[in-house]
Amino acid sequence: MSEKQAHKRVIQGRIVSKAGDKSVVVLVERKVLHPKYRKIVKRFKKYTIHDENNQAKVGDVVSAIECRPISKSKSFRLKDIVVKGVEL
């Protein structure tokens, strides 16, 4: 029997802080339609992702892929750096 690979989520967002060794916090923004007022509003969520080589800096736009839980709060790992940013 051939087993199918489970679909892994990919998120893209801006790095807002370095959370320690091999960890960065990514702010992901999505736009949704408000159910009552029918207006597009922004929703934000922060994810802690695993950066094995400490290559991402604050301000970079990165994409991360879902993986096994690495710690209590980390279940995404860095896939690639989309845009290099300016560190504040």
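Residues numbered from 1 in each chain as written. Predicted model: local features only at pLDDT ≥ 70, side-chain atom pairs only at ≥ 80, totals over all residues. Heavy atoms only, no water.

- Per an unreviewed UniProt entry, the protein chain goes by Small ribosomal subunit protein uS17 and derives from Helicobacter equorum.
- Entered under Function (unreviewed entry) in the UniProt record, the comment concerning the protein chain runs "One of the primary rRNA binding proteins, it binds specifically to the 5'-end of 16S ribosomal RNA."
- As its UniProt record puts it under Sequence similarities (unreviewed entry), the protein chain is described as follows: "Belongs to the universal ribosomal protein uS17 family." (UniProt positions renumbered as here; feature names shortened; annotations may be inferred.)

1. Focus on the pattern of salt bridges
Part 1 of the argument: According to the stated counting rule, one finds two salt bridges in the structure shown.
Part 2 of the argument: Two residues, arginine 9 and glutamate 66, come together in a salt bridge whose shortest N-O distance is 3.7 Å. Separated by 57 residues along the polypeptide, arginine 9 in the segment before β1 (10-18) and glutamate 66 in strand β4 (residues 61-66) bring together distant segments of the chain.
Part 3 of the argument: For glutamate 66, a relative accessible area of 24% translates into the label partly exposed.
Part 4 of the argument: As a salt-bridge pair, lysine 22 and glutamate 52 come within 3.2 Å of each other at their nearest N and O atoms. One end of the pair, lysine 22, is in the loop between β1 and β2 (23-33); the other, glutamate 52, is in the loop between β3 (40-50) and β4, with 30 residues separating them in the sequence. (Salt bridge = Lys/Arg side-chain N within 4 Å of Asp/Glu carboxyl O. Helix = DSSP H or I, 4+ residues; strand = E, 2+ residues; numbered from the N terminus. Buried < 20%, exposed > 50% of the residue type's maximum accessible area, 1.4 Å probe, protein only.)

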